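One-letter residues, chain by chain:
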Amino acid sequence: MDGNKATIVVGGHFGDEGKGKVISYLATKDEPDIVARAGVGPNAGHTIYKDGKEYGLRMVPCGFVNPGSKLLIGAGVLVDVECFLREVKTTGTQGRIFLDKRCAIIEARHKEQDSSNKYLKEKVGTTGSGCGPANAERANRTIKLAQEMPEVSKYIADVPLEVNTALKAGKNVLIEASQGFGLSLFYGTYPFVTSKDTSASMAATDIGVGPTKIKDVIVVFKAYTTRVGAGPMEHYIDESSIKDYPLWQEVLEEAKKKGLTGAVNEILSKHLGEKGTVTGRSRRVGDFDYGLAKYSSMVNGATQLCITCLDKIFPECKGVKDYGKLSQRAKDHIKRIEKEVGVNVTMISTGPNPEDMTDLRKK
Ligand code: GTP
Ligand code: IMP
Ligand code: MG
(Lines give C-alpha, C1' and ligand atoms only; values in the text may rest on other atoms or scores of the structure.)
(Ligands and ions follow the chains in the order given, each with its own letter.)
Protein backbone atom coordinates (compact mmCIF):
# COMPACT_ATOMS: atom_id res chain seq x y z
CA MET A 1 0.00 0.00 0.00
CA ASP A 2 1.21 3.49 -0.82
CA GLY A 3 1.48 6.14 1.80
CA ASN A 4 2.78 6.44 5.32
CA LYS A 5 1.47 6.07 8.86
CA ALA A 6 1.78 8.45 11.79
CA THR A 7 3.69 8.17 15.06
CA ILE A 8 2.13 9.20 18.37
CA VAL A 9 4.10 10.31 21.43
CA VAL A 10 2.00 9.93 24.56
CA GLY A 11 2.48 10.15 28.35
CA GLY A 12 2.30 6.92 30.36
CA HIS A 13 2.12 8.20 33.96
CA PHE A 14 0.61 11.49 35.21
CA GLY A 15 1.77 14.00 32.59
CA ASP A 16 5.00 16.02 32.58
CA GLU A 17 6.94 12.92 31.51
CA GLY A 18 9.01 15.10 29.19
CA LYS A 19 7.00 14.59 26.01
CA GLY A 20 7.98 18.10 24.92
CA LYS A 21 11.65 17.23 25.13
CA VAL A 22 11.12 13.95 23.24
CA ILE A 23 9.15 15.71 20.49
CA SER A 24 11.84 18.37 20.18
CA TYR A 25 14.43 15.61 19.69
CA LEU A 26 12.31 13.70 17.15
CA ALA A 27 11.44 16.90 15.27
CA THR A 28 15.12 17.73 14.92
CA LYS A 29 16.29 14.21 14.17
CA ASP A 30 13.50 12.78 11.98
CA GLU A 31 12.44 16.07 10.35
CA PRO A 32 8.71 15.29 10.21
CA ASP A 33 6.70 17.15 7.57
CA ILE A 34 3.91 17.74 10.08
CA VAL A 35 3.89 17.91 13.86
CA ALA A 36 0.32 17.92 15.20
CA ARG A 37 -0.64 18.73 18.75
CA ALA A 38 -3.31 16.61 20.46
CA GLY A 39 -4.52 16.51 24.07
CA VAL A 40 -6.87 18.52 26.23
CA GLY A 41 -5.62 22.08 25.73
CA PRO A 42 -3.55 24.77 27.45
CA ASN A 43 -3.60 22.88 30.78
CA ALA A 44 -0.50 21.14 29.39
CA GLY A 45 2.88 22.78 29.50
CA HIS A 46 5.63 21.22 27.42
CA THR A 47 9.07 22.55 28.37
CA ILE A 48 11.69 22.61 25.67
CA TYR A 49 15.00 24.26 24.93
CA LYS A 50 16.07 25.70 21.59
CA ASP A 51 19.38 27.48 21.13
CA GLY A 52 19.77 27.75 24.90
CA LYS A 53 16.36 29.44 25.33
CA GLU A 54 13.59 27.84 27.42
CA TYR A 55 10.01 27.65 26.10
CA GLY A 56 6.98 26.52 28.14
CA LEU A 57 4.52 25.75 25.35
CA ARG A 58 0.81 25.37 26.11
CA MET A 59 -0.56 25.60 22.55
CA VAL A 60 2.19 25.58 19.91
CA PRO A 61 3.50 22.08 19.05
CA CYS A 62 7.05 21.45 20.33
CA GLY A 63 7.96 20.38 16.82
CA PHE A 64 8.40 24.11 16.09
CA VAL A 65 12.11 23.56 16.77
CA ASN A 66 12.35 22.12 13.26
CA PRO A 67 11.77 25.08 10.90
CA GLY A 68 10.72 22.68 8.11
CA SER A 69 7.76 21.18 9.99
CA LYS A 70 4.21 22.37 9.44
CA LEU A 71 2.50 22.76 12.83
CA LEU A 72 -1.13 21.78 13.37
CA ILE A 73 -3.50 21.81 16.35
CA GLY A 74 -6.23 19.17 16.16
CA ALA A 75 -9.98 19.71 16.54
CA GLY A 76 -10.04 17.90 19.88
CA VAL A 77 -7.72 20.46 21.47
CA LEU A 78 -9.22 23.42 23.36
CA VAL A 79 -7.75 26.73 22.25
CA ASP A 80 -7.02 29.74 24.43
CA VAL A 81 -6.75 32.41 21.73
CA GLU A 82 -4.65 34.83 23.77
CA CYS A 83 -2.20 32.09 24.75
CA PHE A 84 -2.07 30.77 21.16
CA LEU A 85 -1.33 34.19 19.60
CA ARG A 86 1.31 34.94 22.25
CA GLU A 87 3.10 31.66 21.61
CA VAL A 88 2.93 32.05 17.82
CA LYS A 89 4.75 35.35 18.34
CA THR A 90 7.42 34.06 20.75
CA THR A 91 8.11 31.02 18.56
CA GLY A 92 7.97 33.01 15.29
CA THR A 93 5.80 30.33 13.69
CA GLN A 94 3.23 32.45 11.85
CA GLY A 95 2.81 31.13 8.31
CA ARG A 96 3.40 27.49 9.25
CA ILE A 97 1.03 26.99 12.17
CA PHE A 98 -2.68 26.24 11.77
CA LEU A 99 -5.54 25.09 13.94
CA ASP A 100 -8.58 23.08 13.04
CA LYS A 101 -11.70 25.11 12.33
CA ARG A 102 -13.56 22.94 14.88
CA CYS A 103 -11.26 23.56 17.87
CA ALA A 104 -13.42 24.75 20.79
CA ILE A 105 -12.51 28.08 22.36
CA ILE A 106 -11.76 28.72 26.04
CA GLU A 107 -13.25 32.01 27.22
CA ALA A 108 -12.64 34.10 30.35
CA ARG A 109 -15.68 32.61 32.10
CA HIS A 110 -14.25 29.10 31.76
CA LYS A 111 -11.05 30.16 33.50
CA GLU A 112 -13.03 31.96 36.21
CA GLN A 113 -15.17 28.87 36.83
CA ASP A 114 -12.10 26.64 36.91
CA SER A 115 -10.41 28.81 39.56
CA SER A 116 -13.45 29.69 41.65
CA ASN A 117 -15.26 26.33 41.76
CA LYS A 118 -14.28 24.77 45.09
CA TYR A 119 -14.63 21.18 43.86
CA LEU A 120 -12.40 21.74 40.82
CA LYS A 121 -9.86 23.97 42.49
CA GLU A 122 -9.54 22.33 45.88
CA LYS A 123 -10.62 18.71 45.45
CA VAL A 124 -9.38 17.93 41.93
CA GLY A 125 -6.63 20.57 42.01
CA THR A 126 -7.02 21.62 38.38
CA THR A 127 -4.62 23.87 36.52
CA GLY A 128 -7.22 26.68 36.42
CA SER A 129 -6.77 26.98 32.65
CA GLY A 130 -10.52 26.65 31.96
CA CYS A 131 -10.27 23.27 30.22
CA GLY A 132 -12.78 21.35 32.38
CA PRO A 133 -15.56 24.00 32.19
CA ALA A 134 -14.91 24.43 28.44
CA ASN A 135 -15.15 20.69 27.75
CA ALA A 136 -18.37 20.60 29.83
CA GLU A 137 -19.79 23.36 27.62
CA ARG A 138 -18.63 21.52 24.56
CA ALA A 139 -20.57 18.47 25.69
CA ASN A 140 -23.56 20.78 26.21
CA ARG A 141 -23.04 22.01 22.62
CA THR A 142 -22.98 25.68 23.58
CA ILE A 143 -19.25 26.45 23.15
CA LYS A 144 -17.80 28.63 20.38
CA LEU A 145 -15.59 27.06 17.73
CA ALA A 146 -12.42 28.52 16.18
CA GLN A 147 -14.19 29.17 12.86
CA GLU A 148 -16.32 31.82 14.61
CA MET A 149 -13.32 33.78 15.90
CA PRO A 150 -11.97 36.59 13.56
CA GLU A 151 -8.73 36.80 15.64
CA VAL A 152 -7.64 33.39 14.40
CA SER A 153 -9.16 33.44 10.90
CA LYS A 154 -5.77 33.34 9.18
CA TYR A 155 -4.77 30.22 11.09
CA ILE A 156 -7.82 28.11 10.26
CA ALA A 157 -7.34 24.75 8.54
CA ASP A 158 -8.96 21.36 8.06
CA VAL A 159 -6.44 19.36 10.10
CA PRO A 160 -7.69 15.83 9.30
CA LEU A 161 -7.60 16.65 5.59
CA GLU A 162 -4.06 18.11 5.86
CA VAL A 163 -2.75 15.14 7.85
CA ASN A 164 -4.38 12.37 5.84
CA THR A 165 -3.38 13.96 2.52
CA ALA A 166 0.21 14.21 3.78
CA LEU A 167 0.20 10.56 4.90
CA LYS A 168 -1.18 9.43 1.58
CA ALA A 169 1.68 11.27 -0.14
CA GLY A 170 4.17 9.30 2.01
CA LYS A 171 5.05 12.19 4.32
CA ASN A 172 6.06 11.90 7.99
CA VAL A 173 3.55 12.94 10.64
CA LEU A 174 4.31 13.15 14.33
CA ILE A 175 1.44 13.51 16.80
CA GLU A 176 2.25 15.00 20.19
CA ALA A 177 -0.21 14.13 22.93
CA SER A 178 -0.34 15.85 26.30
CA GLN A 179 -1.03 14.97 29.92
CA GLY A 180 -0.62 11.30 30.86
CA PHE A 181 -2.55 8.06 31.19
CA GLY A 182 -3.19 8.36 34.96
CA LEU A 183 -5.04 11.64 34.25
CA SER A 184 -7.42 10.07 31.71
CA LEU A 185 -11.09 10.84 32.32
CA PHE A 186 -11.84 7.23 31.35
CA TYR A 187 -8.90 5.21 32.69
CA GLY A 188 -7.19 7.45 35.25
CA THR A 189 -7.63 7.90 38.99
CA TYR A 190 -11.16 9.36 38.77
CA PRO A 191 -12.21 11.93 39.98
CA PHE A 192 -8.61 13.20 40.17
CA VAL A 193 -8.27 13.37 36.41
CA THR A 194 -8.49 15.82 33.52
CA SER A 195 -11.57 16.45 31.37
CA LYS A 196 -10.89 13.98 28.55
CA ASP A 197 -9.27 10.65 27.80
CA THR A 198 -5.50 10.99 27.39
CA SER A 199 -4.60 7.74 25.63
CA ALA A 200 -3.04 7.33 22.18
CA SER A 201 -6.40 6.54 20.56
CA MET A 202 -7.78 9.85 21.79
CA ALA A 203 -4.71 11.65 20.43
CA ALA A 204 -5.42 10.13 17.01
CA THR A 205 -9.06 11.23 17.26
CA ASP A 206 -8.00 14.74 18.30
CA ILE A 207 -6.12 15.06 15.02
CA GLY A 208 -8.59 13.13 12.86
CA VAL A 209 -6.39 10.14 12.01
CA GLY A 210 -7.94 6.66 11.95
CA PRO A 211 -6.41 3.75 13.94
CA THR A 212 -5.30 2.02 10.73
CA LYS A 213 -3.07 5.02 9.97
CA ILE A 214 -0.88 4.77 13.08
CA LYS A 215 2.44 2.92 12.89
CA ASP A 216 4.08 3.68 16.22
CA VAL A 217 2.97 4.62 19.69
CA ILE A 218 5.88 5.85 21.78
CA VAL A 219 4.90 5.90 25.45
CA VAL A 220 7.03 8.26 27.54
CA PHE A 221 7.86 7.83 31.22
CA LYS A 222 10.23 9.63 33.54
CA ALA A 223 12.79 7.34 35.16
CA TYR A 224 10.66 7.84 38.30
CA THR A 225 7.06 9.00 38.76
CA THR A 226 5.77 12.51 39.43
CA ARG A 227 2.31 13.93 39.91
CA VAL A 228 1.02 17.49 40.23
CA GLY A 229 -2.44 18.22 41.66
CA ALA A 230 -4.55 15.97 43.88
CA GLY A 231 -5.03 12.21 43.60
CA PRO A 232 -3.43 8.92 44.61
CA MET A 233 0.13 7.99 43.82
CA GLU A 234 1.79 4.60 44.36
CA HIS A 235 5.34 4.37 45.74
CA TYR A 236 5.26 7.91 47.11
CA ILE A 237 8.54 8.63 48.85
CA ASP A 238 8.26 10.00 52.37
CA GLU A 239 9.87 9.76 55.80
CA SER A 240 8.67 6.18 56.33
CA SER A 241 8.79 4.64 52.81
CA ILE A 242 12.28 5.90 51.89
CA LYS A 243 13.86 3.09 53.91
CA ASP A 244 12.65 0.65 51.21
CA TYR A 245 14.48 2.53 48.44
CA PRO A 246 18.32 2.70 48.63
CA LEU A 247 18.37 4.80 45.43
CA TRP A 248 16.11 7.45 46.95
CA GLN A 249 18.20 7.51 50.15
CA GLU A 250 21.17 8.37 47.96
CA VAL A 251 19.24 11.05 46.04
CA LEU A 252 18.12 12.55 49.37
CA GLU A 253 21.72 12.70 50.59
CA GLU A 254 22.68 14.61 47.43
CA ALA A 255 19.72 16.96 47.93
CA LYS A 256 20.70 17.67 51.52
CA LYS A 257 24.20 18.66 50.38
CA LYS A 258 22.53 21.59 48.60
CA GLY A 259 21.11 22.72 51.96
CA LEU A 260 17.50 21.88 50.99
CA THR A 261 15.18 21.49 53.97
CA GLY A 262 11.58 20.40 54.65
CA ALA A 263 9.65 17.14 54.37
CA VAL A 264 11.41 14.34 52.45
CA ASN A 265 9.17 14.54 49.38
CA GLU A 266 9.47 18.32 49.28
CA ILE A 267 13.26 18.10 49.36
CA LEU A 268 13.30 15.51 46.56
CA SER A 269 10.89 17.55 44.45
CA LYS A 270 13.03 20.68 44.80
CA HIS A 271 16.25 18.77 44.17
CA LEU A 272 14.87 17.24 40.95
CA GLY A 273 13.44 20.57 39.81
CA GLU A 274 9.89 19.17 39.74
CA LYS A 275 7.80 22.29 39.32
CA GLY A 276 4.64 22.48 37.19
CA THR A 277 5.13 24.31 33.87
CA VAL A 278 1.64 25.88 33.86
CA THR A 279 0.93 26.50 37.54
CA GLY A 280 4.37 26.50 39.16
CA ARG A 281 3.05 24.00 41.75
CA SER A 282 5.55 21.49 43.06
CA ARG A 283 5.22 17.94 41.74
CA ARG A 284 5.14 15.00 44.14
CA VAL A 285 7.83 12.39 43.61
CA GLY A 286 7.50 8.61 43.68
CA ASP A 287 9.52 5.56 42.71
CA PHE A 288 8.82 4.29 39.16
CA ASP A 289 5.24 2.95 39.04
CA TYR A 290 5.70 -0.30 37.09
CA GLY A 291 2.06 -1.39 37.49
CA LEU A 292 0.68 1.80 35.98
CA ALA A 293 3.37 1.73 33.28
CA LYS A 294 2.39 -1.79 32.25
CA TYR A 295 -1.32 -1.05 32.21
CA SER A 296 -0.96 2.24 30.35
CA SER A 297 1.36 0.66 27.78
CA MET A 298 -1.32 -1.96 27.21
CA VAL A 299 -4.17 0.52 26.71
CA ASN A 300 -1.97 2.82 24.62
CA GLY A 301 -0.86 -0.06 22.42
CA ALA A 302 2.78 0.90 23.01
CA THR A 303 5.25 -0.15 20.32
CA GLN A 304 8.21 1.58 22.01
CA LEU A 305 9.02 3.21 25.35
CA CYS A 306 11.04 6.33 25.97
CA ILE A 307 12.53 7.01 29.42
CA THR A 308 13.38 10.60 30.33
CA CYS A 309 15.22 12.34 33.18
CA LEU A 310 17.58 9.41 33.69
CA ASP A 311 20.30 11.93 34.55
CA LYS A 312 18.24 13.34 37.41
CA ILE A 313 18.53 10.14 39.47
CA PHE A 314 21.80 8.95 37.88
CA PRO A 315 23.79 12.19 37.43
CA GLU A 316 26.74 10.28 35.92
CA CYS A 317 24.53 9.75 32.82
CA LYS A 318 24.05 13.44 32.04
CA GLY A 319 24.23 14.14 28.32
CA VAL A 320 25.16 10.52 27.41
CA LYS A 321 24.22 9.62 23.82
CA ASP A 322 25.79 6.19 23.64
CA TYR A 323 24.07 3.29 25.47
CA GLY A 324 27.44 1.69 26.25
CA LYS A 325 28.44 4.79 28.22
CA LEU A 326 25.48 4.67 30.61
CA SER A 327 26.41 3.47 34.11
CA GLN A 328 25.58 -0.14 35.00
CA ARG A 329 22.97 0.90 37.58
CA ALA A 330 21.25 3.09 34.99
CA LYS A 331 21.23 0.23 32.46
CA ASP A 332 19.78 -2.09 35.14
CA HIS A 333 17.01 0.44 35.76
CA ILE A 334 16.14 0.57 32.05
CA LYS A 335 16.26 -3.24 31.78
CA ARG A 336 13.90 -3.63 34.73
CA ILE A 337 11.37 -1.25 33.14
CA GLU A 338 11.56 -3.20 29.86
CA LYS A 339 11.10 -6.49 31.67
CA GLU A 340 8.18 -5.42 33.84
CA VAL A 341 6.34 -3.54 31.09
CA GLY A 342 7.21 -5.99 28.31
CA VAL A 343 7.96 -3.33 25.67
CA ASN A 344 11.38 -2.24 24.37
CA VAL A 345 12.91 1.03 25.52
CA THR A 346 14.15 2.66 22.31
CA MET A 347 15.01 6.14 23.54
CA ILE A 348 16.63 7.34 26.76
CA SER A 349 16.72 11.04 27.55
CA THR A 350 19.73 12.19 29.54
CA GLY A 351 19.17 15.94 29.76
CA PRO A 352 16.67 18.68 28.90
CA ASN A 353 18.26 19.75 25.60
CA PRO A 354 17.02 18.16 22.35
CA GLU A 355 20.40 16.54 21.67
CA ASP A 356 20.66 14.80 25.08
CA MET A 357 19.32 11.46 23.87
CA THR A 358 20.46 7.84 23.61
CA ASP A 359 18.57 6.63 20.54
CA LEU A 360 18.34 2.85 20.10
CA ARG A 361 15.74 2.86 17.31
CA LYS A 362 16.51 0.84 14.22
CA LYS A 363 17.93 3.18 11.63
P1 GTP B 1 2.64 17.74 29.72
O2 GTP B 1 2.09 17.78 28.34
O3 GTP B 1 2.21 18.91 30.57
O4 GTP B 1 2.30 16.45 30.37
O5 GTP B 1 4.26 17.96 29.74
P6 GTP B 1 5.57 17.26 29.22
O7 GTP B 1 5.42 15.79 29.18
O8 GTP B 1 6.01 17.90 27.95
O9 GTP B 1 6.64 17.57 30.35
P10 GTP B 1 7.09 18.97 31.01
O11 GTP B 1 7.84 19.74 29.99
O12 GTP B 1 5.96 19.63 31.68
O13 GTP B 1 8.05 18.46 32.18
C14 GTP B 1 9.21 17.73 31.98
C15 GTP B 1 10.39 18.47 32.61
O16 GTP B 1 11.52 17.64 32.56
C17 GTP B 1 10.79 19.74 31.87
O18 GTP B 1 11.28 20.68 32.79
C19 GTP B 1 11.90 19.27 30.92
O20 GTP B 1 12.81 20.29 30.57
C21 GTP B 1 12.58 18.24 31.79
N22 GTP B 1 13.22 17.13 31.08
C23 GTP B 1 12.69 16.33 30.11
N24 GTP B 1 13.54 15.33 29.81
C25 GTP B 1 14.63 15.52 30.61
C26 GTP B 1 15.83 14.78 30.81
O27 GTP B 1 16.07 13.74 30.21
N28 GTP B 1 16.70 15.26 31.75
C29 GTP B 1 16.46 16.38 32.47
N30 GTP B 1 17.38 16.77 33.36
N31 GTP B 1 15.33 17.09 32.32
C32 GTP B 1 14.43 16.65 31.41
P1 IMP C 1 -7.29 20.16 34.54
O2 IMP C 1 -6.86 19.37 33.37
O3 IMP C 1 -6.74 21.56 34.56
O4 IMP C 1 -8.78 20.11 34.73
O5 IMP C 1 -6.68 19.46 35.85
C6 IMP C 1 -7.10 18.17 36.29
C7 IMP C 1 -5.90 17.40 36.86
O8 IMP C 1 -4.99 17.08 35.82
C9 IMP C 1 -5.09 18.17 37.93
O10 IMP C 1 -4.60 17.22 38.85
C11 IMP C 1 -3.93 18.74 37.12
O12 IMP C 1 -2.80 18.97 37.92
C13 IMP C 1 -3.69 17.61 36.13
N14 IMP C 1 -3.10 18.05 34.84
C15 IMP C 1 -3.77 18.57 33.78
N16 IMP C 1 -2.92 18.80 32.76
C17 IMP C 1 -1.71 18.39 33.17
C18 IMP C 1 -0.43 18.33 32.54
O19 IMP C 1 -0.26 18.68 31.37
N20 IMP C 1 0.59 17.84 33.28
C21 IMP C 1 0.41 17.40 34.53
N22 IMP C 1 -0.76 17.42 35.19
C23 IMP C 1 -1.82 17.91 34.49
MG1 MG D 1 3.86 19.57 31.55
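Visitor: Quick rundown of the coordination of the magnesium ion (ligand 3)? Include the residues and the values.
Guide: Bound to the magnesium ion (ligand 3) on the protein side are Asp16 (OD) and Gly45 (O), at distances that span 2.1 to 2.3 Å. In this pair, Asp16 is assigned in the loop between strand 1 (6-11) and helix 1 (19-30) and Gly45 in the loop between strand 2 (34-37) and strand 3 (46-50), connecting sequence segments 29 residues apart. Given the relative accessible area of 21%, Asp16 is considered partly exposed. On the basis of relative accessibility, which here comes to 14%, the residue Gly45 falls in the buried class.

Visitor: Tell me about the site of ligand 2, and name the residues and values.
Guide: Residues in close proximity to ligand 2 total 15 residues, the closest being Asp16, Asn43, Thr127, Thr194 and Arg281. Here Thr194 contributes a side-chain N or O atom positioned 2.6 Å from an oxygen atom of ligand 2. Here an oxygen atom of ligand 2 and a backbone polar atom of Val228 are 3.1 Å apart. For ligand 2, the protein covers 97% of the area, taking 470 Å² as the surface of the free molecule. The class makeup of the residues in the shell around ligand 2 is 6 nonpolar, 7 polar and 2 charged.

Visitor: Break down the site of ligand 1 for me, citing the residues and quoting the values.
Guide: Near ligand 1 lie 24 residues; those nearest to it are Asp16, Lys19, His46, Thr47 and Ser349. Within the contact set of ligand 1, an oxygen atom lies 2.7 Å away from a backbone nitrogen or oxygen of Gly45. One of the backbone N or O atoms of Thr47 is found 2.6 Å from an oxygen atom in ligand 1. When isolated, ligand 1 has an accessible area of 670 Å², and the protein chains bury 93% of it. Broken down by secondary-structure element, the contributors of at least two residues to the shell around ligand 1 are helix 1, strand 3 and helix 11 (310-313). Of the residues contributing to the shell around ligand 1, the split by class is 4 nonpolar, 13 polar and 7 charged.

What counts and how
- Residues numbered from 1 in each chain as written.
- Chains lettered and ligands numbered in written order.
- Predicted model: local features only at pLDDT ≥ 70, side-chain atom pairs only at ≥ 80, totals over all residues.
- Heavy atoms only, no water.
- Donors = N, O, S within 2.8 Å, 3.2 Å for Na, K, Ca; no water.
- Helix = DSSP H or I, 4+ residues; strand = E, 2+ residues; numbered from the N terminus.
- Buried < 20%, exposed > 50% of the residue type's maximum accessible area, 1.4 Å probe, protein only.
- Near = heavy atom within 4 Å.
- Polar contact = N/O pair within 3.5 Å; in protein donor to acceptor, adjacent residues only side chain to side chain.
- Areas by Shrake-Rupley, 256 points an atom, 1.4 Å probe, with all protein chains shown as cover.
- Nonpolar A, V, L, I, M, F, W, Y, C, P; charged D, E, K, R; others polar.

Keep in mind these values describe shape, not function.
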